[in-house]
Amino acid sequence: RGSIVHVPARMRPVFQPSAEDWPYLRRLMWTIVAAATILVLWRAADLLLLVFGSILASVMYRSAARLLQRIGAHNAKVALGIGILLVLACFALMGWLLGVQFGAEIGQILGNLPGTLKQIEQSMSTSPVGRAIVQAVHAAAGGGTIANHLGALMLGGGQILINALIILVGGMFIAADPQPYLRAMVLLTPPKGRPAMEHAIGEVSTALRLWLKEKVIGMALMGVLISFGLWLSGLQAWAALGLLGGLGEFVPYVGPTLAMIPAIALAAVAGGGVLWHTVVAYTIIRLIEAYLLTPYLNRKVISIPPALTLFVILGVGAVFGIYGVFFAGALLVVTFVGIRELYLRDTLGEDLDGLPKETKD
């Protein structure tokens, strides 16, 4: 009674870590959790893009409602309902233009495009310089012909429509009551950082709204300019090509380049001076965009370096595929503003300019 039983050292629990091992094990556990989270996010990349697209759609709906409230709609719910209908009507109008008004012309352009590009490749391959250009393009595209790569981009139209429907419907639910989602993001932040998170969310929301406004204005103006330039160049399908060019402006650099290929191909087949007129028209239009339109619109939103925009679009396309390219511009805006507000301004204490003051009210 009262005796102490001594356990030999070799009989102590083998898997009982010592006190100095616990910090390392905790770091290892968090590393495993972080790696598992990254793996889950990687596998659910398509779902995350749909979620982000729904957030973008909700910003569109609420921006339309905000505009209606400015012009006299006093009831917020009524303004939001009308705003949603207006946005859906705009998408329906674009669908009607693509499918009915210019559907035959666009279908003929895209249907004949692979054969047209093959003819251009064959004609260019007859000269040493042209052969070098074709080989360089093949190398940049990863082998194969340009027509095959463009044909691959045209596949999956049905899936794109389904994803678009999911985004539009999901955006309605978020726009109807965004507060639970915003409150959840704030509550997941440590208490000391919650004011900074609330401010960052407000800045990101404002930046997305202004970015969408800039895109709508830019797409409309560029569509008109491209249509007018191609009409002067003598192309028959100038209206359809202008519509494609305007829609292509949604994805900076990549979209306008892809939308320009059908026009150049048709101009090359038409022969005569049409090709050179088309090239000159696009050159003048791009100069107007680079030196007049883009600087003016960027002053109203945020100025992001062009090289950063291009490389982010290519990187997002490499990670998320072709669907990621559509949202690359918006993702860049969110990331750019988030890093500026949460890291540079709040963490490092840098005094940086935010959004233009005249556009924040």
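Everything below is about the structure printed above this text.
Note that the structure is predicted; figures quoted are calculated from it, not measured. (Residues numbered from 1 in each chain as written. Predicted model: local features only at pLDDT ≥ 70, side-chain atom pairs only at ≥ 80, totals over all residues. Heavy atoms only, no water.)

## Some words on the overall build of the protein chain
Here is step 1: Regarding its fold elements, the protein chain presents 15 helices and zero strands.
Here is step 2: Residues classed as buried in the protein chain amount to 33% of the 361 residues present.
Here is step 3: Considering only contacts in the protein chain between residues 6 or more positions apart, those separated by 24 or more positions represent 67%. (Helix = DSSP H or I, 4+ residues; strand = E, 2+ residues; numbered from the N terminus. Buried < 20%, exposed > 50% of the residue type's maximum accessible area, 1.4 Å probe, protein only. Contact = heavy atoms within 4.5 Å.)

## Concerning the packing of aromatic side chains
Here is step 1: This model, assessed by the stated rule, comprises three aromatic pairs.
Here is step 2: When the centroid spacing of 5.6 Å and the interplanar angle of 65° are considered together, the rings of Trp211 and Phe250 count as edge-to-face. Residue Trp211 is found in helix H9 (residues 194-233), and its partner Phe250 is found in the loop between helix H10 (238-248) and helix H11 (254-270); the two are separated by 39 residues along the sequence.
Here is step 3: On the accessibility criterion, Trp211 (6% relative accessible area) is buried.
Here is step 4: Each ring, one from Phe228 and one from Trp231, has its centre 6.0 Å from the other, and the planes form 35°; the classification is tilted. In this pair, Phe228 and Trp231 both sit in helix H9, three residues apart, roughly one turn of the helix.
Here is step 5: According to the relative accessible area criterion, Phe228 is partly exposed, its value standing at 48%. (Phe/Tyr/Trp six-rings, centres within 6.5 Å; stacked < 30°, edge-to-face > 60°.)

## A closer look at the nonpolar core
Here is step 1: One finds Leu56, Tyr61, Leu208 and Val333 to be the most contacted residues of the largest nonpolar core, which totals 28 residues.
Here is step 2: Mapped by element, the contributors of at least two residues to this core are helix H2 (45-70), helix H3 (76-101), helix H7 (157-176), H9 and helix H15 (328-345).
Here is step 3: Among the elements that line this core, the one with the most residues is H2, at 10 residues.
Here is step 4: Filtering out sequence-adjacent residues up to four positions away, Tyr61 remains in contact with Leu80, Gly83, Ile84, Val87, Leu88, Leu168, Gly171, Met172 and Ala175. (Core = buried A, V, L, I, M, F, W, Y, C linked by side-chain atoms within 4.5 Å.)

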